[in-house]
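# Residue-level structural notes
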Amino acid sequence: DNDRFSEAYTLQPSATLQETQDLFTPVSVQYRHEHYFNDPPPPSDPTAPPPDPAVRGRDGWNVRTGFDQFWLFNNRRSYTRLSYHYDTQRNEGSDWDYNGHEVNLWVQTPLWAGITLDVYGSYYRFNYRNVNSFSCCYDARGGLGILDLTPASPSLDTQIRTDNRYTAGLALSRDIGSYLTLSAGYGHTRNQSN
């Protein structure tokens, strides 16, 4: 469909620190304001009560700060990049608030015949601040309830949500002329959530 799902505005100032000829570090701070249309979505069961925006509302903001350390080697034709970023997400609804830590490692080096190899991996930890409403607090009809951990509204899961996202991949690429690059790669993402 042509309905708009969301929009975001991002401001990201950055600076690059040059430690040596072969070491440099971009540091950045990013602010992003997010707006979701039709938020929170209506329940699939028309007889169920509407979702509470204080739980399911996704409009909010994110602040992300960190650095990328680059090391050039192989006569400056190859590089490795180690990065760390911390971000905090705050939304109208308690389901989406988290503090995150992301670590990345990336290596790029030429091989032969103009082919370049990229290998990368990352780990992203999301520490959510609240129990997710999909995991707890279902009402008597089985629909999504509100975060009210009382005997009248028993919880199925009282653990605060944490996610561990692992990403790894590799790619081979080759420039064909000045305006075209041919590449083939494989990327794998695994998200483990409690």
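Shown above is the structure to which this text applies.
What you are looking at is a predicted structure, and each value in this text was computed from that prediction instead of being measured. (Residues numbered from 1 in each chain as written. Predicted model: local features only at pLDDT ≥ 70, side-chain atom pairs only at ≥ 80, totals over all residues. Heavy atoms only, no water.)

### Structural notes on the overall build of the protein chain
Heads up, the condition is: The way it works is that DSSP assigns letters per residue, a run of H or I at least four long becomes a helix, a run of E at least two long becomes a strand, and they are numbered from the N terminus. With a 1.4 Å probe rolled over the protein chains alone, any residue whose accessible area is under 20% of its type maximum counts as buried; one over 50% counts as exposed, and the rest are partly exposed.
When helices and strands are counted, the protein chain shows one helix and nine strands. Counting over 194 residues, the protein chain shows a buried share of 31%.

### What about the side chain of Thr 25?
To keep it simple, the criterion reads: In protein, a polar contact requires one atom able to donate a hydrogen and another able to accept it; more generally it is a pair of N or O atoms within 3.5 Å, and residues adjacent in sequence count only if both atoms are side-chain atoms. Note on definitions: a residue-residue contact is assigned when non-hydrogen atoms from the two residues lie within 4.5 Å.
With respect to the helices and strands, Thr 25 occurs in strand β3 (residues 23-36). For Thr 25, the side chain forms a polar contact with the side chain of Gln 69, separated by 2.7 Å. Contacts of Thr 25, omitting those with residues within four sequence positions, involve Ala 15, Thr 16, Leu 17, Glu 19, Phe 67, Asp 68 and Gln 69.

### A word on the packing of aromatic side chains
Put simply, the rule is: In this analysis, rings of Phe, Tyr and Trp, with Trp reduced to its six-membered ring, are considered paired at centre separations within 6.5 Å, and the interplanar angle assigns stacked below 30 degrees, edge-to-face beyond 60, and tilted for intermediate values. Counted as over-ring charges are cases with an Arg CZ or a Lys NZ within 6 Å of the ring centre that also lie within 35 degrees of the ring normal.
Across all of its chains, the model carries 10 aromatic pairs by this definition. With 4.9 Å between their ring centres and 25° between their planes, Trp 71 and Phe 73 make a pair best called stacked. Three or more aromatic residues joined by ring pairs make a cluster, and in this case those are Tyr 98, Tyr 124, Phe 126 and Tyr 128. Its end group placed over the ring of Trp 96, Arg 58 keeps NZ or CZ at 4.1 Å from the ring centre. In this arrangement the basic side chain of Arg 161 is found over the ring face of Tyr 128, its NZ or CZ atom lying 4.1 Å from the centre.

### Things to note about the pairing of strand β6 (residues 98-110)
Condition: Paired strands, in this sense, are two strands between which DSSP finds at least two bridges.
Relative to β6, strand β5 (residues 78-91) runs antiparallel, the two sharing 11 bridges. In the sheet register, His 85 faces β6, and the bridge partner there is Glu 102. Connecting β5 to the next strand, β6, in antiparallel fashion are six residues. Sheet analysis places β6 next to strand β7 (residues 115-128), joined by 13 bridges and oriented antiparallel. Paired with Asn 104 across the bridge in β7 is Ser 122. The turn linking β6 back onto β7 is made up of four residues, and Ala 113 within it adopts a positive phi angle of 55°.

### Notes on the pairing of strand β2 (residues 14-18)
Burial analysis of β2 places just zero of its five residues in the buried class, a small minority of the element. Note that β2 and β3 share five bridges and pair antiparallel. Each residue of the ladder has a partner; that of Ser 14, found in β3, is Ser 28. As consecutive antiparallel partners, β2 and β3 are separated by four residues.

### As for unusual backbone geometry
Backbone geometry at Asn 75 places phi at a positive 55°, although glycine is not the residue there. For Asn 75, the position within the fold is in the loop between β4 (60-73) and β5. The exposure class of Asn 75 is exposed, given its relative accessible area of 74%.

### Details of the pattern of salt bridges
Oppositely charged side chains can form a pair if their charged atoms are brought close together. The following threshold applies: Note on definitions: salt bridges are taken to be side-chain nitrogens of Lys or Arg within 4 Å of carboxyl oxygens of Asp or Glu.
Under the counting rule described, the total for this entry stands at six salt bridges. For the salt bridge of Glu 7 with Arg 4, the shortest nitrogen-to-oxygen distance reads 3.8 Å. By relative accessible area, Glu 7 is classed as partly exposed at 28%.

### Here's the deal with the side chain of Arg 90
The criterion, for reference: Counted charges follow a simple rule, with Lys and Arg positive, Asp and Glu negative, and His plus the chain ends left uncounted.
Checked against the element boundaries, Arg 90 lands in strand β5. One buried charged residue, Arg 90, remains without a salt bridge, the closest side chain of opposite sign being Asp 97 at 5.1 Å. Of the polar contacts made by the side chain of Arg 90, one reaches the side chain of Thr 88; its length is 3.0 Å. Sequence-distant contacts of Arg 90, that is, excluding residues within four places in its chain, are made with Gly 60, Trp 61, Asp 97, Tyr 98, Asn 99 and Arg 129.

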